Amino acid sequence: MSTTKPCCTPGRDGDGPAAPVALTLAAPGTAPRAVPRVARQLTGLPGGRFLMGTDDREGYPADGEGPVREVGLSPFRIAPTTVTNAAFATFVKATGHRTEAETFGFSYVFEGFLPERLAAASPQVAAVPWWRAVAGASWRAPEGPGSSVTTRQNHPVVHVSWHDAQAYCAWSGTRLPTEAEWEYAARGGLEQARYPWGDELTPGGRYACNIWRGVFPTLNTAADGHRGTAPVTAFRPNGFGLYNTVGNVWEWCADWFSADFHRTGPRQDPPGPPQGAARVMRGGSHMCHASYCHRYRVAARSSNTPDSSAGNIGFRVAADATA
């Protein structure tokens, strides 16, 4: 069961089978890998020691955001953007991969994106009724039957589970970033700033990220130019040249989630999953709003079960510096 608040991203919880669904991935050697092409697109970062986490009054202590602690990292590489629909389509064409949303037969969509008839036919998530379990929703059809990504090739792929992201990484010769790598990269070299660009949400009156503008969940003015996802290179990059590290879509990380992260440190494989069996997500999404989910800060954390997917979950890839 997910340990995140369902307002961020609903988890499958009891809606899917207890065991992970087997992924359909072509056997090694039957499809070309994209290692050289993807590797050229990664940005090299020096690593070193940095201050991770926050004691910000606007944070969520129960999420394990603090206290601030010094963390050391080896050099690594990371993608400047999240994986796009076009890139994910190339992967699917090469491997025959079938996502968990497609295998389960549904994924979660914000009801405001649905035609009235489809919304009425799609079950609500009890605690957060603006989320609907939509039959047929997947990365190919983000709002369910009748929708497509034809005009959103440069938008982040969504409705991908942690397992789906892992399959893409295996094909592309990459991996998911650790939570510490993600935060170091997202900060762009700014120490303890609230956002990748500083401490003000709209510096100089300029919109710097894609989040919910207006009154959640009834009115989104789309004042930043985007009602749903935005192109992966929308807005200015941070000091390391990374785009949209906050807002737009939640990004899967390698680590298991633990609310006492500041005491136990990251949990990767091995050891096995901690209680709750949820994976870390970082960055917030286009559905975040300060009134209920101020998690579009670089130190904010969330999580979901690794088989879960929704219309605001994506990922970016990373690799060791020597890969």
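Residues numbered from 1 in each chain as written. Predicted model: local features only at pLDDT ≥ 70, side-chain atom pairs only at ≥ 80, totals over all residues. Heavy atoms only, no water.

What about the packing of aromatic side chains?
Counting across every chain of the model gives 21 aromatic pairs. Ring geometry for Phe 88 and Phe 91: centres 5.2 Å apart, planes at 65 degrees, overall edge-to-face. With Phe 88 and Phe 91 both in helix 2 (residues 85-95) and three residues apart, this pair spans about one turn of that helix. The interplanar angle of 80 degrees and the centroid separation of 5.3 Å between the aromatic rings of Phe 110 and Phe 113 together place this pair among those described as edge-to-face. With relative accessibility at 22%, the residue Phe 113 sits in the partly exposed group. Chaining the aromatic ring pairs together yields one cluster made of Phe 88, Phe 91, Trp 139, Tyr 168, Trp 171 and Phe 315. Between the NZ or CZ atom of Arg 279 and the centre of the ring of Trp 256, over which it lies, the distance is 3.6 Å. The ring of Tyr 60 is capped by Arg 295, whose NZ or CZ atom sits 4.1 Å from the centre of that ring. (Phe/Tyr/Trp six-rings, centres within 6.5 Å; stacked < 30°, edge-to-face > 60°. Helix = DSSP H or I, 4+ residues; strand = E, 2+ residues; numbered from the N terminus. Buried < 20%, exposed > 50% of the residue type's maximum accessible area, 1.4 Å probe, protein only. Lys NZ or Arg CZ within 6 Å of the ring centre and 35° of its normal.)

With respect to the pattern of salt bridges
Summed over the entire model, instances satisfying the criterion amount to 16 salt bridges. Among the salt bridges present, the one from Glu 58 reaches Arg 194, with a minimum N-O distance of 3.2 Å. With a gap of 136 residues between them, Glu 58 in the loop between strand 2 (48-52) and strand 3 (69-73) and Arg 194 in the loop between helix 6 (179-187) and strand 8 (214-215) connect regions that are remote in the sequence. Where Asp 224 meets Arg 213, a salt bridge forms, and the shortest distance between an N and an O atom there is 3.0 Å. Of this pair, Asp 224 sits in the loop between strand 9 (219-220) and strand 10 (250-256) while Arg 213 sits in the loop between helix 6 and strand 8, and the two are 11 residues apart along the sequence. (Salt bridge = Lys/Arg side-chain N within 4 Å of Asp/Glu carboxyl O.)

Let's talk about the confidence of the model for the chain
Mean pLDDT for the chain: 88, with 86% of residues reaching 70 or above. Scored below 50 in pLDDT, residues 14-30 makes 24 contacts in the model with residues more than four places away or belonging to other chains. (pLDDT = per-residue confidence, 0-100. Contact = heavy atoms within 4.5 Å.)

So, the sheet that holds strand 6 (residues 124-125)
Reading across from one edge, 5-7-6 is the order of the three strands in this open sheet, with antiparallel pairing throughout. Of all the strands in the sheet, the pair left with one neighbour each is strand 5 (106-110) and strand 6. Bridging between strand 5 and strand 7 (residues 128-135) involves five bridges; their strand directions are antiparallel. Residue pairing in the sheet places Val 109 in a bridge with Arg 132 of strand 7. (Pairing = 2+ DSSP bridges.)

Here's the deal with the pairing of strand 7
For strand 7, the buried fraction is high: six of the eight residues fall into the buried class. Taken together, the two bridges between strand 6 and strand 7 define a ladder with antiparallel strand orientation. Within the sheet, the bridge partner assigned to Gln 124 lies in strand 7 and is Arg 132. Counted along the chain from strand 6 to the antiparallel partner strand 7, the turn is two residues long.

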